[in-house]
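Each chain, written out:
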Amino acid sequence: MDKITGEQEQDLIRRAVKARELAYAQYSKYRVGAALLAASGQIFTGVNVENAAYPTCMCAERVAIYKAVSEGERQFTAIAVVTANGGSPCGSCRQVMAEFGLDTVVLIANSEGQLLQKSTVADLLPGAFLPGDLNIR
Ligand code: THU
């Protein structure tokens, strides 16, 4: 699990804290920021983007991952997720993380930038449904 340095961890958390300021969360008021480190070294941020039609809200983690994938990235070293209270990524975000690798480090931090939990996608989503489960030839 030690694929990133303490310095990289702090940098990702700091970027997620900063990104969180741009969250569009006027309905829940629960602002989330994410920062994703791709294997290439590039960092992609994301925020939750809510909508008056509630089910169309999108989480910060998935915004960051989809931004990265749409720029050609498919391997991720780590993702930092920042909320006021150190909330944990939702099931849908865990599933999307799992698609791109179970070893990605997940850093959960609060808005003060304190790291509250360090784990991997495998830890957060045991028994994930993965591309290999489709048996497509
Ligand atoms: N949210 C995220 O951005 N990430 C998560 O993993 C959990 C929930 C957002 C979605 C919604 O905008 C708000 O937090 C409240 O659920």
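Residues numbered from 1 in each chain as written. Predicted model: local features only at pLDDT ≥ 70, side-chain atom pairs only at ≥ 80, totals over all residues. Heavy atoms only, no water.

Some thoughts on helix α2 (residues 60-69)
With seven of its ten residues buried, α2 lies for the most part within the structure. Among the residues making up α2, those that are buried are Ala60, Glu61, Arg62, Val63, Ala64, Ile65 and Ala68. At its buried positions, α2 is contacted by β1 (33-38), β2 (43-47), β3 (76-83) and α3 (91-99). (Buried < 20%, exposed > 50% of the residue type's maximum accessible area, 1.4 Å probe, protein only. Helix = DSSP H or I, 4+ residues; strand = E, 2+ residues; numbered from the N terminus. Contact = heavy atoms within 4.5 Å.)

Thoughts on the site of the ligand
Around the ligand, the neighbouring residues are Ser28, Tyr30, Val32, Asn48, Glu50, Cys59, Ala60, Glu61, Pro89 and Cys90. One nitrogen or oxygen atom from the main chain of cysteine 90 is found 2.8 Å from an oxygen atom belonging to the ligand. Here the ligand loses 78% of its free accessible area of 370 Å² to cover by the protein chains. Here the ligand occupies the largest pocket. Class assignment of the residues belonging to the shell around the ligand gives a composition of six nonpolar, two polar and two charged. (Near = heavy atom within 4 Å. Polar contact = N/O pair within 3.5 Å; in protein donor to acceptor, adjacent residues only side chain to side chain. Areas by Shrake-Rupley, 256 points an atom, 1.4 Å probe, with all protein chains shown as cover. 1 Å grid on protein atoms, 1.4 Å probe; cavity = no way out; pocket = protein on both sides within 12 Å on 5 of 7 lines; lining within 4 Å. Sits in = over half its atoms within 2 Å of the grid points. Nonpolar A, V, L, I, M, F, W, Y, C, P; charged D, E, K, R; others polar.)

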